Amino acid sequence: MKQFLPLSLLLSLVFLGQQLFAQDVSGMHFQSFRPSMACEILNLELPAGAKISVKYAQGTRLRVDQVITLGDGGSLRVLEFLIKKGRYELVGEEQTQEQVFLVKMAKEPSDLVLAKKSCSEEYSYQITLPPHIKYVQYNGAQLDLELSAAKQ
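Residues numbered from 1 in each chain as written. Predicted model: local features only at pLDDT ≥ 70, side-chain atom pairs only at ≥ 80, totals over all residues. Heavy atoms only, no water.

### Quick look at the overall build of the protein chain
Each helix and strand counted, the protein chain has two helices and eleven strands in total. Traced from its N-terminal end to its C-terminal end, the protein chain shows the element sequence α-β-β-β-β-α-β-β-β-β-β-β-β. For the protein chain, the share of sequence-separated contacts (at least 6 apart) that also reach a separation of at least 24 residues comes to 80%. Carbon and sulfur atoms provide 56% of the accessible area of the protein chain, an area that totals close to 10,000 Å². (Helix = DSSP H or I, 4+ residues; strand = E, 2+ residues; numbered from the N terminus. Contact = heavy atoms within 4.5 Å. Areas by Shrake-Rupley, 256 points an atom, 1.4 Å probe, with all protein chains shown as cover.)

### A word on the sheet that holds strand β4 (residues 62–70)
As summarised here, the arrangement of the four strands in space is β1-β4-β9-β3, forming an open sheet in which the pairing is mixed. Each edge of the open sheet carries a strand with a single partner, namely β1 (25–33) and β3 (51–56). Geometrically, the sheet is characterised by an average inter-axis angle of 15 degrees between neighbouring strands, direction not taken into account. Each of β1 and β4 touches helix α2 (residues 76–84); the most contacted strand, β1, lies at about 20 degrees to it. (Pairing = 2+ DSSP bridges. Axes fitted to C-alpha atoms, helices over the stretch in contact; angles between N-to-C directions.)

### Brief notes about the environment of Cys119
Residue placement: Cys119 occurs in strand β8 (residues 117–119). Here Cys119 is in contact with Leu70, Gly71, Asp72, Gly74, Leu112 and Leu114, once residues within four sequence places are set aside.

### A closer look at unusual backbone geometry
Even without being glycine, Gln99 reaches a positive phi, approximately 60 degrees. Relative to the elements of secondary structure, Gln99 occurs in the loop between β5 (90–95) and β6 (100–105). For Gln99, a relative accessible area of 36% translates into the label partly exposed. Non-glycine residue Lys116 carries a positive phi angle of around 65 degrees. Structurally, the position occupied by Lys116 is in the loop between β7 (112–114) and β8. What makes Lys116 exposed here is its relative accessible area of 84%. (Buried < 20%, exposed > 50% of the residue type's maximum accessible area, 1.4 Å probe, protein only.)

### Some remarks on the sheet that holds strand β11 (residues 141–142)
Here we have five strands laid out as an open sheet, ordered β5-β6-β2-β10-β11, and mixed in their pairing. Two strands close off the open sheet at either side, each with one partner strand: β5 and β11. In this structure, β5 lies alongside β6, joined through six bridges in antiparallel fashion. Bridge assignment links Glu94 to a residue of β6, and that residue is Phe101.

### Here we look at the packing of aromatic side chains
Both the distance between ring centres and the angle between the ring planes are used here to describe each pair of aromatic rings. Here the structure, examined in full by the defined rule, presents three aromatic pairs. Taken together, a centroid distance of 5.9 Å and an interplanar angle of 55 degrees make the contact between Phe33 and Phe101 tilted. Taken together, the residues Phe33 in strand β1 and Phe101 in strand β6 connect sequence positions 68 residues apart. In terms of burial, Phe33 and Phe101 fall into one category: buried. Ring centres of Tyr123 and Tyr125 lie 6.4 Å apart, and the angle between their planes is 5 degrees; on these two criteria the pair is classed as stacked. For the pair shown, Tyr123 and Tyr125 are each scored as buried. Three or more aromatic residues link up through ring pairs in this structure, and these residues are Tyr88, Tyr123 and Tyr125. (Phe/Tyr/Trp six-rings, centres within 6.5 Å; stacked < 30°, edge-to-face > 60°.)

Structural data, given as structure tokens:
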């Protein structure tokens, strides 16, 4: 019985150490859209709590670089599979009467469960705007474009 206690303590420490050193895994996915020159407003309907940065560049394309981070239980292989299956796919649609270009998730986000455990997802977006987009709204709130790079 005395030998059982140190062995179980050692096994507990090994498993605890694996949990302490588990790392989040991140991957990148980008998409490009071409809003018409009539669109002056970009409306983003993206997951709440996402980190969003915006900059301007010459041209007519809107580029969205998306970084997805999976928490404990995620792996690069799982993340690549989820990206290929379209979990993080974005769609863009033009609402020309309101001069709005809408970017949203193609699928309604759902909880991610891996190995019977909930796995967290964090999102960050780097958005490159064409000069004709004047305003950006994120889930109903207007973003301050003064913090981003100046229009060229």
